[in-house]
Structure formats: structure tokens, C-alpha cells
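Fold and contact review
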Amino acid sequence: MPDVVTALFRIMTEYINPEWPVMVMTPAYPKFFKIADALGRRSIGVELLREPSAFTLDLERVEGHLKTEGPCLVVLCNPHNPTGSVLKEGELVQLAELVRRHGGMVISDEVHAPLAYPSATHLPFASLPGESASSITFTITSASKAWNISGIKCAEVILPHRNAVAAWDGSEMLRSTSNSTSTLGAVAAMAAYLDGAEWLDSVIDYLAGNRDVVSLSARTELPVIGYVEPEASYLSWLELPEWLGQGNAGPAEFISRAARVSAMEGADFGPVSKDFVRLGFATSWPVLLQALDRIADAIKGGPVK
Ligand SMILES: Cc1ncc(COP(=O)(O)O)c(C=O)c1O
């Protein structure tokens, strides 16, 4: 497929019963809700639970919805954007069992997986022991994030069973959409997966240093109210004092105006995240230090007049 978002669209239109609600864990990568809306599907948000060292699935809520709604499509994002948490085997196994029991399916977006830090173990959902996960899961991934090659268009879909493969081969829509993958992207993805491990290790090492800088800043310099250190990728999810957002679209607008640093507004990831910002740290160390210093100074200076 050309990219992960196209894959999501196409799996939903070609394989998923349009009557099924789409269950998304929140805060959520904004496109998940947008795609469901664009396709006229009803969506259900289930808030992740914030534990001291990671965000985790609220399996009780998930089960409650499955009991009342019947089969659902669960769109899972693991590692999770925006929190950077990596879901653990126990919760994944329980989720698979619940969804299977209620006759639903899972699309597991694992595009951030190559960027898991050594302290975390990313388990592909479809690889969980037993049949319950693999037979209900479409895995979508890409080398685009870890090797920074989004622009050259290539993503991978791993189908749940042979019938799904036959349906793919028989669908003009799927064949035509996958034809728009670029040859350069496919060659680059193969090079990344087959020969890019050493380079990736050095990137993860560098990002781990950046993550430590963000964590230190979140615990000392910035008036952060809630912060869970990411276990993968280059995203930090920071809860800030309510006053920062007042008079602005939210705290990210304050940071943009007062510190000239661009972050994403938490509200874009779900209504209950309005006091959060998502700050990416896939940049060089000096730029990151400067950005954090500027944010800290802007916050010390109080509201922008
Ligand atoms: C979880 C997640 N899925 C999908 C995408 C988009 O991927 P693509 O550019 O391949 O559509 C992103 C990019 O931000 C993402 O974070």
C-alpha cells in the first residue's frame, strides 16, 4: 500500500462490516476518528488508563462496549501515538480474546514499532500465542517512521487469513490502490528492513538521549502536571496547567505564540486531552534543548498579552 492511512481506509471499506462501530483508544492519532467519520462509521472512544510507567488498555470498558454493541472493529495503535506507550502481552492477549469472543476484528497500526526502546518489548498483535489474535487481525506497518521515508510511499499490510488474501486478489479496489505504492518506496523499505538495523540502532540510541532530556525537563523545568515517559518513538505527551490554553485554541497555540515552538494540540487527540500537547523530539540535541528552554521561559513569563 502507498501509506498506512490508505491501508486503514481500504481495509475498512473492503473487509469490515459497515454496521460495526469503530472502537479507538484515546487519546488517539486524529486520523483514526477522521477516517471512521469519512466512511460514515460510528466510532467509540475508550480512554487509556494512565499508570506511572505506561498507559494501558481499559479492558473493562472495552468489554462493556463489546457486550452492548456486539462485534466492533478495534483500531489499535501499538506503540501508541501520542503517548509512546508499548502495550504489554497480558493486556494484548485479553483484548484479543474479548474481540474474538464478540465476533469483531482488529486493525493493529504498528508503524512506530521499529522505534521501541530497548527497555520495552513490542509484540506484534497478530503474533500473540494461539489462534485468537492472528485470525482477526490486519496488521499495518511501514518503514516510513523509523527510517524517515514517508514521502516515498510504501506501507505493508499483513492479512489475517487465506480468505482475506483471496478477497484482496479479487478486489479491483485493493489491487488498484496497492498499485499506487511507489517502486522507490518499496525498494527503500526492503533496504531498511534487510540492511537498516545498524542505522536504526544508532537512531534509537540518539532518541533515547533526547527522551532523557525531555523527561528531565518535564520533571524539573516545565510545570508539567502529568507525564509518562514514552517507551517507543519520538513523541512526548505533556499535560500542562489549564491557564496555558486559556485565550488560545489550547496550550500548543500558547507555546507557538510565546516560544515559537510548534507542538500539536492535545484536543486534536480527543476532547479530554485539551490540556495536553504532543511534542515531537526527533530532532538534533541542540535544537531540542533550545525548544525546551524557550517553552520553559515562555511559561515563566505568564500569559501572552
Ligand atoms: C500511528 C500512526 N499511524 C499512521 C500514521 C501515518 O502514516 P502514513 O504516512 O504511512 O499514512 C502516523 C503518522 O503520524 C501515525 O503516527
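Structure: see above.
Okay, so let's go over this structure.

About the criteria used
Along every chain, residues carry numbers that run from 1 in the direction the sequence is written. Local features in a predicted model are, by the rule used here, given only for residues with pLDDT of at least 70; side-chain atom pairs are given and counted only at 80 or more, and totals for whole chains, interfaces and linings are based on all residues. With hydrogens and water stripped out, all remaining heavy atoms of the structure feed into the side-chain values. Site definitions follow a grid-based scheme: protein atoms alone, a 1 Å grid, a 1.4 Å probe that fits but cannot get out for cavities, and for pockets an open set with protein on both sides within 12 Å along at least five of seven lines, plus lining residues having an atom within 4 Å of a point. Grid points are joined across faces, edges and corners, and a volume is the space filled by probe spheres set on the points. In DSSP terms, a helix is any run of H or I states spanning at least four residues, a strand is any run of E spanning at least two, and both are numbered starting from the N terminus. Polar here means any residue outside two lists: the nonpolar Ala, Val, Leu, Ile, Met, Phe, Trp, Tyr, Cys and Pro, and the charged Asp, Glu, Lys and Arg; Gly therefore counts as polar. What a helix is expected to span follows from its residue count: subtract one and scale by 1.5 Å. Burial status follows relative accessibility: with a 1.4 Å probe on protein chains alone, a residue under 20% of its type maximum counts as buried, one over 50% as exposed, and anything between as partly exposed. Residues adjacent in sequence count toward polar contacts only when both atoms are side-chain atoms; beyond that, a polar contact is any pair of N or O atoms within 3.5 Å, and within protein one must be able to donate a hydrogen and the other to accept it. Two cysteine sulfurs form what is called a disulfide whenever their separation falls within 2.5 Å. A side-chain nitrogen of Lys or Arg and a carboxyl oxygen of Asp or Glu constitute a salt bridge if their distance falls within 4 Å. Working convention: axes come from line fits to C-alpha atoms, limited for helices to the stretch in contact. Angles between N-to-C directions cover 0 to 180 degrees. With respect to orientation, any angle under 35 degrees is reported as roughly parallel, any angle over 145 as roughly antiparallel, any angle of 65 to 115 as roughly perpendicular, and every other angle as oblique. We call two residues in contact whenever any of their non-hydrogen atoms come within 4.5 Å of each other. Each aromatic pair joins two rings of Phe, Tyr and Trp (for Trp, the six-membered one) with centres within 6.5 Å, and gets the label stacked for planes under 30 degrees apart, edge-to-face for over 60, and tilted for any other angle.

Attention now goes to empty space enclosed by the protein. Within this structure, the stated rule accounts for two cavities of 30 Å³ or more. Put simply, the largest cavity is a space of about 80 Å³. Around the largest cavity sit 17 residues that line it, and Met25, Leu48, Leu76, Cys77 and His80 are the ones nearest its centre. Counting only elements with at least two residues in the lining of the largest cavity, the list comes to strand 1 (22-26) and strand 5 (73-77). When residues in the lining of the largest cavity are grouped by element, the largest group, three residues, is from strand 5. Within the lining of the largest cavity, the residues separate by chemical class into 13 nonpolar, four polar and no charged.

It is worth spelling out helix 1 (residues 4-15) at this point. Between the first and last C-alpha of helix 1 there are 16 Å, a value that for twelve residues agrees with the 16 Å anticipated at 1.5 Å per step. What helix 1 keeps buried is the set Val4, Val5, Thr6, Ala7, Leu8, Ile11 and Met12. With a side-chain oxygen lying 3.4 Å from the backbone nitrogen of Val5, the N-terminal cap of helix 1 falls on Asp3.

Before going further, it helps to spend a moment on the state of the cysteines. Tallying each qualifying case throughout the model produces zero disulfides. Unpaired in this structure, Cys72 has its nearest cysteine sulfur neighbour in Cys77, at a distance of 18 Å. Accessibility expressed as a relative area gives 0% for Cys72, which makes it buried. With no disulfide of its own, Cys154 has Cys77 as its nearest cysteine by sulfur position, at a separation of 19 Å.

With that settled, consider the pattern of salt bridges. For the structure shown, the criterion picks out twelve salt bridges. With its nearest N and O atoms 3.8 Å apart, the salt bridge here joins Arg101 to Glu63. In this pair, Arg101 is assigned in helix 4 (residues 89-101) and Glu63 in helix 3 (residues 59-69), connecting sequence segments 38 residues apart. Here Glu63 falls in the partly exposed class, since its relative accessible area comes to 24%. Put simply, Asp275 and Lys274 hold a salt bridge, and the shortest N to O gap is 3.1 Å. Through salt bridges with shared partners, a single ionic network connects Glu63, Lys67 and Arg101.

Before going further, it helps to examine the packing of helix 10 (residues 251-259) against helix 11 (residues 285-300). Direction vectors running N to C along helix 10 and helix 11 enclose 100°, while the axes themselves pass 9 Å from each other. It follows from the interaxial angle that helix 10 and helix 11 lie roughly perpendicular. For the pair formed by helix 10 and helix 11, the contact residues are Phe254, Ile255, Ala258 and Ala259 on the first element and Arg294, Ile295, Ala298 and Ile299 on the second. Its residues placed into classes, the contact of helix 10 with helix 11 shows seven nonpolar, no polar and one charged.

Across all of its chains, the model carries six aromatic pairs by this definition. Measuring from ring centre to ring centre gives 5.7 Å for Trp147 and Tyr193, while their planes differ by 80°; the resulting arrangement is edge-to-face. Of the two residues, Trp147 is situated in the loop between strand 7 (137-141) and strand 8 (156-158) and Tyr193 in helix 8 (residues 183-195); the sequence distance between them amounts to 46 residues. Judged by its relative accessible area of 14%, Trp147 falls in the buried class. Since its relative accessible area comes to 39%, Tyr193 is described here as partly exposed. Ring geometry for Trp237 against Phe276: centres 4.8 Å apart, planes inclined by 20°, an arrangement best described as stacked. Of this pair, Trp237 sits in strand 10 (residues 235-239) while Phe276 is found in strand 12 (residues 276-280), placing the two residues 39 residues apart along the sequence.

Any functional reading would require information that these geometric values do not contain.
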